[in-house]
Amino acid sequence: MPSLDDSDLRILRALRQDGRMTNAALAEAVGLSQSACLRRLRLLERSGVIRGYTAIIDEPADRETVTVIVQITLDRQTEEHLSRFEAAVRRLPEVRECYLMTGMSDYLLRVEARDAADYERIHKEQLSRLPGVQRIQSSFAIRSVIRERG
């Protein structure tokens, strides 16, 4: 990862707030010329600091889902076991986020299910069959207090 200076950090902060802003608006917001801003932006993209752009979608009220926070402990923590687990969990569409953790569990997952019965299916048919899983601990979210934001 390249070393980021103050201008790069200002660009990243501005894009977190509005990833669709024009280069002209971005340049003005961060105090650079349009050409300098565009050059820095392209370098941030090519170097992988900016991995992509996305839209934050609010779930429609008629599409209720439950959020389940899942802690997974593996039977071994070797590089091979971690890699196998991560490759398999990436293929599960219900897993919205996955983090390698320190502490009592190895991974923390955010899983979206239609309801408790759907999560039971996901647990039995998918999570428990992931390579190397020793223990699964699940907690259902009651409500969202802070959601993904810019």
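What you see is a predicted model, and the numbers here were worked out from it, not measured in a lab. (Residues numbered from 1 in each chain as written. Predicted model: local features only at pLDDT ≥ 70, side-chain atom pairs only at ≥ 80, totals over all residues. Heavy atoms only, no water.)

## Notes on the sheet that holds strand β2 (residues 95-100)
An order of β2-β3-β1-β4 is seen for the four strands of this open sheet, with the pairing classed as antiparallel. If you trace the sheet from one side to the other, it starts and ends with β2 and β4 (133-140), each paired once. Averaged over all pairs of adjacent strands, the angle between their axes in this sheet comes to 20 degrees, without regard to strand direction. Inspection of the sheet shows strand β1 (residues 66-74) paired to strand β3 (residues 107-113) by seven bridges, in the antiparallel sense. Counted as the bridge partner of Ile-72 is Tyr-107 from β3. Against the sheet, helix α4 (residues 79-89) engages β1, β2, β3 and β4, with an angle of about 165 degrees to β2. (Pairing = 2+ DSSP bridges. Helix = DSSP H or I, 4+ residues; strand = E, 2+ residues; numbered from the N terminus. Axes fitted to C-alpha atoms, helices over the stretch in contact; angles between N-to-C directions. Contact = heavy atoms within 4.5 Å.)

## Quick word on the nonpolar core
Val-70, Ile-72, Leu-109, Val-111, Tyr-119, Leu-127 and Leu-130 are the most contacted members of the largest nonpolar core, which has 18 residues in total. Where this core is concerned, the elements lending two or more residues are β1, α4, β3 and α5 (116-125). Those residues in contact with Leu-130, other than ones at most four positions away along the chain, are Ile-72, Phe-85, Ala-88, Val-89 and Leu-92. Leu-26, Val-30, Cys-37 and Leu-44 belong to the second-largest nonpolar core, a separate cluster that totals eleven residues. (Core = buried A, V, L, I, M, F, W, Y, C linked by side-chain atoms within 4.5 Å. Buried < 20%, exposed > 50% of the residue type's maximum accessible area, 1.4 Å probe, protein only.)

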